[in-house]
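Okay, here's what each chain looks like letter by letter:
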Amino acid sequence: MMEMYEIRQKFRDDKLVDISGTIQRELMNNSALTALPKGAEVAITAGSRGIANIVLILRETVSTLKGLGYRPFLVPAMGSHGGATADGQVEVLHHLGITTESVGAEIRSSMEVEQIAETDDGVPVYMDKHAYGADGVIVINRIKAHTAFRGRVESGLSKMVTIGLGKRRGASFVHANGALHMARNIETVCASALRHSPIVMGLAIIENGYDQTADIVGVGTEKWFEVEAELLKRSKEMMPRLPVDTIDVLIVEEMGKIFSGTGMDPNIIGRWRIEGVPEPEKPDVKRIVVLDLAEQSFGNAQGVGLADFTTQRLVNRIDRQATYTNSITSTYLQRAMLPFIYDHEQEAIESACGSLGPDVDLTGVKLVQVPNTLHLDRLLVSKPVLEQMEKCAVQFEMEARRQLRFNDEGMLAYKLTSV
């Protein structure tokens, strides 16, 4: 057993109170949208991430468009997710609570795309056939740091246009030049798509460190990249993080697409594992143990290769087709490679600690246990981590004293995901 402390970190808690009113205002203030003729068909993008209040946001968007006399419908915009099939992408939306009944609009799903242009660099620009055939398109997505590159814009509106609406074919071309060229490819492809498609606006969502809606901002096509870049800065300022930069063993209770496009957010754990891309200097996590794959990940275990140790239970949940399709499309193969596999959580965690060295003193191990890499306000830390937090003046509250111990089945006796 190891002495552990349950703590609650304090992050920025900016929170949008009137979500419905904000959506209505931002849509009504966009002249390109309101200039559409009555009866116009408007496509609305819906992605695969676990965005807070996404059903409400989509429903209010649909309602406002109907109030303007338009005919809205949803388009799954998620590259190769859902096994790169039309039915699979609808299933992903359904698992997120996004259905025709919940949002009040039809879902039109297809993996067929139109090539609508080509960038100056020769990269083809593709768009979902249903979106391209609409009179108008509204791109809705959360703005946040990307899990594979750094740029003026990263994960957000531009990426959804380029990769989400580009489906598997568009995603493959954008990823083909590697992570070092992703930022440029996303901007140039998106810029071309904005010129050659019926996109009228974006609706950008930013969240605070508690996975809550902090703001929703309408983005016009004329200042698309400038506004998205500013929103990305705001998002990064509110991004949750681990309490210290140096950790010996990080236990992640669950990974999955609902938490990050890479299952475990590389921005949080400090690992890219992309060929040719240097690893970040911090955070420095020596060993990562991931225990389970969230049911809402639908078997997609992209990102399991970021860990060093895992369990047979997680491996049994993997849908190889979904995982391999996602990994091959992204070209980041190492992220889907399996770590050391153990029958029980106890074996995996003890092996991770033992791999630190033959004479490791458990009382000095810097160990952190988190539910996943998205929700980091409540976590468990060992005494050396707690002492470092106090020295660095990390803002937190002590919740309770715990023990890192296991039951008779070799499972962790206390998990944050079970509370």
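Report on the accompanying structure. (Residues numbered from 1 in each chain as written. Predicted model: local features only at pLDDT ≥ 70, side-chain atom pairs only at ≥ 80, totals over all residues. Heavy atoms only, no water.)

So, about the layout of surface pockets. Taken as a whole, the largest pocket encloses approximately 500 Å³ of empty space. Residue lining of the largest pocket: 21 residues in total, with Arg 241, Asp 245, Asn 267, Lys 282 and Pro 283 positioned closest to the centre. The biggest single contributor to the lining of the largest pocket is helix 11 (residues 266-269), with three residues. Split into classes, the residues belonging to the lining of the largest pocket amount to 13 nonpolar, three polar and five charged. The calculated volume of the second largest pocket comes to roughly 240 Å³. In terms of lining, the second largest pocket is formed by 15 residues, of which the most central are Gly 82, Gly 83, Val 92, Phe 298 and Ala 322. Elements represented by at least two residues in the lining of the second largest pocket include exactly helix 4 (86-95) and helix 13 (320-330). At four residues, the largest contribution of residues to the lining of the second largest pocket is made by helix 4. Looking at the lining of the second largest pocket residue by residue, the classes come out as three nonpolar, nine polar and three charged. (1 Å grid on protein atoms, 1.4 Å probe; cavity = no way out; pocket = protein on both sides within 12 Å on 5 of 7 lines; lining within 4 Å. Points joined across faces, edges and corners; volume = space filled by probe spheres on them. Helix = DSSP H or I, 4+ residues; strand = E, 2+ residues; numbered from the N terminus. Nonpolar A, V, L, I, M, F, W, Y, C, P; charged D, E, K, R; others polar.)

Now for helix 9 (residues 182-196). Here helix 9 contains 15 residues, and its C-alpha end-to-end distance of 21 Å stays within 8% of the 21 Å for a straight helix at 1.5 Å per residue. Most of helix 9 sits inside the fold, with 11 of its 15 residues counted as buried. Turning to helix 9, its buried residues number three or more, namely Met 182, Ala 183, Asn 185, Ile 186, Glu 187, Val 189, Cys 190, Ala 191, Ser 192, Ala 193 and Leu 194. (Expected span 1.5 Å × (residues − 1). Buried < 20%, exposed > 50% of the residue type's maximum accessible area, 1.4 Å probe, protein only.)

So, about empty space enclosed by the protein. Evaluated as defined, the whole model comprises four cavities of 30 Å³ or more. What lines the largest cavity is a set of 35 residues, and nearest its centre among them are Arg 49, His 81, His 146, Lys 159 and Gly 261. Among the secondary structure elements, those contributing two or more residues to the lining of the largest cavity are strand 7 (136-142), helix 7 (157-164), helix 8 (167-175) and helix 13. Broken down by element, the lining of the largest cavity gets its largest block of residues, four residues, from helix 7. Residues that form the lining of the largest cavity fall into these classes: nine nonpolar, 19 polar and seven charged. As a volume, the second largest cavity reaches approximately 180 Å³.

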